[in-house]
Amino acid sequence: MAQTTPNHTQTVSGWAAHDSSGKITPYIFKRRENGVNDVTIKILYCGICHTDLHYAKNEWGITMYPVVPGHEITGVITKVGSNAKGFKEGDRVGVGCLASTCLECEFCQSSQENYCDQLQFVYNGIFWDGSITYGGYSKIFVADYRYVVHIPENLPMDATAPLLCGGITVFSPLKDNKMVESPGKRIGGDGPWRPWTHCSQICTNAKQMQRCRRTLDLILDTVSAKHSVGPILELLKVNGTLHIVGAPDQPMELPSFPLIFGKRAVTGSIIGGIQETQDYAGPTPVGHLVNTANWVCQEAIDGARLRCGSGTETLVTIGGYRRYSDGGGGLIFCSNNEDGAEDEGDDYKG
Ligand SMILES: [Zn+2]
Ligand SMILES: [Zn+2]
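Along each chain, residues carry numbers from 1 onward, in the same order as the chain's sequence is written. Here every chain gets a letter starting at A, and every ligand a number starting at 1, in the order they are written. Only residues with pLDDT of at least 70 are given local features in this predicted model, and only at 80 or more are side-chain atom pairs given and counted; all residues enter the totals for whole chains, interfaces and linings.

### Let's talk about the overall build of the protein
Part 1 of the reasoning: For the purposes of this entry, the term helix denotes a DSSP run of H or I that reaches at least four residues, the term strand denotes a run of E that reaches at least two, and both are numbered from the N terminus. Assigned secondary structure in the protein consists of seven helices and 18 strands.
Part 2 of the reasoning: The buried share of the protein, reckoned over its 350 residues, is 43%.
Part 3 of the reasoning: By the criterion used throughout, residues are in contact when their C-beta atoms, derived from the backbone, lie within 7 Å. Sequence-distant contacts in the protein: of pairs separated by 6 or more residues, those separated by 24 or more amount to 68%. In this scheme every C-beta is placed from the backbone, and a residue whose C-beta has 20 or more other C-beta atoms within 10 Å is buried, one with 12 or fewer is exposed, and one in between is partly exposed.

### Some points on the pairing of strand β12 (residues 236–244)
Part 1 of the reasoning: Two strands pair under a simple rule: DSSP has to find at least two bridges between them. Across five bridges, the pairing between strand β11 (residues 216–221) and β12 is parallel. Bridged to leucine 216 within β12 is leucine 236.
Part 2 of the reasoning: Strand direction decides the pairing type here: β12 and strand β13 (residues 265–268), joined by four bridges, are parallel. Across the sheet, residue threonine 241 finds its bridge partner in β13, namely alanine 265.

### A few points about helix α3 (residues 166–176)
Part 1 of the reasoning: Among the eleven residues of α3, nine are classified as buried, and the element is accordingly described as predominantly covered.
Part 2 of the reasoning: Every buried residue of α3 is accounted for by Gly166, Gly167, Ile168, Thr169, Val170, Phe171, Ser172, Pro173 and Leu174.
Part 3 of the reasoning: Remark: lysine 178 follows α3 within two positions and exhibits a positive phi of approximately 55°.

### Thoughts on the pairing of strand β5 (residues 92–95)
Part 1 of the reasoning: Examined bridge by bridge, strand β4 (residues 73–80) and β5 share four bridges and lie antiparallel to one another. The partner of valine 76 across the bridge, within β5, is arginine 92.
Part 2 of the reasoning: Sheet topology places β5 next to strand β9 (residues 148–150); three bridges connect them, and they run antiparallel. Bridge pairing in β9 places valine 93 opposite histidine 150.

### What about the nonpolar core?
Part 1 of the reasoning: The biggest cluster of nonpolar side chains holds 69 residues, and the ones touching the most others in it are Ile41, Val95, Phe141, Ala143, Leu164 and Ile219.
Part 2 of the reasoning: Start and end positions for the domains come from either an automated domain assignment or a database one. There are two domains that each give this core at least three residues, and those are domain 1 (10–165 + 273–334) and domain 2 (170–268).
Part 3 of the reasoning: Dropping the residues within four chain positions of it, leucine 164 is found in contact with Glu72, Ile73, Gly94, Val95, Gly96, Thr277 and Ala281. Nonpolar cores are identified as sets of buried Ala, Val, Leu, Ile, Met, Phe, Trp, Tyr and Cys residues joined via C-beta atoms within 7 Å.

### A closer look at the environment of asparagine 114
Part 1 of the reasoning: Within the secondary structure, asparagine 114 is located in the loop between β6 (98–100) and β7 (120–121).
Part 2 of the reasoning: Expressed as a C-alpha distance, the spacing of asparagine 114 and serine 100, which sit 14 residues apart in the sequence, is 9.7 Å.
Part 3 of the reasoning: In contact with asparagine 114, not counting residues within four places along its chain, are Leu98, Leu119, Ile270, Ile271, Gly272 and Gly273.

### With respect to the confidence of the model for the protein
Should pLDDT be low for a region, the predicted coordinates there are not to be read in detail.
Part 1 of the reasoning: For the protein, the average pLDDT comes to 78, and 75% of its residues sit at 70 or higher.
Part 2 of the reasoning: As a per-residue quantity, pLDDT reports the predictor's confidence and falls between 0 and 100. Taken as a whole, residues 192–201 scores under 50 in pLDDT and shows 31 contacts with residues more than four places along the chain or in a different chain.
Part 3 of the reasoning: A low-confidence stretch, residues 337–350 (pLDDT under 50), is modelled with 23 contacts involving residues beyond four sequence positions or located in other chains.

### Considering unusual backbone geometry
Part 1 of the reasoning: For the bond running from tyrosine 65 to proline 66, omega is -5°, close enough to zero to count as cis.
Part 2 of the reasoning: Inspection of the secondary structure puts proline 66 in the loop between α1 (50–56) and β4.
Part 3 of the reasoning: The residue asparagine 58 is not glycine, and still its phi comes out positive at about 55°.
Part 4 of the reasoning: Of note, the phi angle at lysine 263 is positive, near 50°, even though the residue is not glycine.
Part 5 of the reasoning: Structurally, lysine 263 can be placed in the loop between α6 (257–260) and β13.
Part 6 of the reasoning: Note on lysine 263: 11 C-beta atoms within 10 Å, which makes it exposed.

### Here we look at the environment of glutamate 113
Part 1 of the reasoning: Along the chain, the position of glutamate 113 falls in the loop between β6 and β7.
Part 2 of the reasoning: Exposure remark for glutamate 113: the 26 C-beta atoms within 10 Å place this residue in the buried category.
Part 3 of the reasoning: Along the sequence, glutamate 113 and glutamine 275 sit 162 residues apart, while their C-alpha atoms lie 9.4 Å from each other.
Part 4 of the reasoning: Not counting the four nearest positions on each side in its chain, glutamate 113 is found in contact with Leu98, Thr101, Phe107, Cys108, Leu119, Gly273 and Ile274.

Set out below in structure tokens:
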């Protein structure tokens, strides 16, 4: 692996963490020249995902420094390779977590690239050419067109960015568990996620937990710290499912009694396939969910403007800046908008 190859001719300014302090500072680096299968994207916005925090601080022990985080990227295409079918200069596009996969396995062949065992991520990954990938906290991005989605005109570029990891991560299991099209199903969430159409309860103490026993069909667990899932399992109906999408660095406690006495299942998933992400970020029917976001300008660090959603906010400190988590909305890293044309920091009025 190498940070670059001779093919890396595009100089890019971005932001990187250089050690486990997680402090993010300006960083100049190189990206590959736009290849025949590539599109080059002028980045407008990049969501700040909890995974970025894990990598910046090396909480999973696999960070290759310097790391340029960011895998909820939206922007406009500036260059198009000759094989990049379906894309043209000026297109509004998004890139999520995937930089490359094998393209040949059963999962790549069935639009489930996210389960390819050779998948590489858009940062802290190793691309096909052997170079280390750098993410979206930067001004431009080069992506293989097979991992790029179109963003329709009716979706705002800022609010759409978090859909490309956080959003699809939550949406995919809801769809798989037939929650989206099944009114009457009851969903719970544990951790920072945005309540969905059929959300039922918020339990914050033992009394509420007792009252909510056996009431839910599905619980999405987005907690990224060590926790016991025993009490949470008790909230599920018989045959209910606890679905894990959070990624604590320590194993979770999983008691057997709530499983066997309730015939319950514990499952997990990671983001979504490219087609699934394209469908999700499309104009209908789920695109309207972006309107649940209510962005407010919240914080500025070193000239980079950050935004976060409204709601119950949890403060997380990472290096020199802070992140507010409000249930899936996350926070936005604004890149190419020094002129303020796209980003006046006003409330988003979806
Ligand atoms: Zn993410
Ligand atoms: Zn594959």
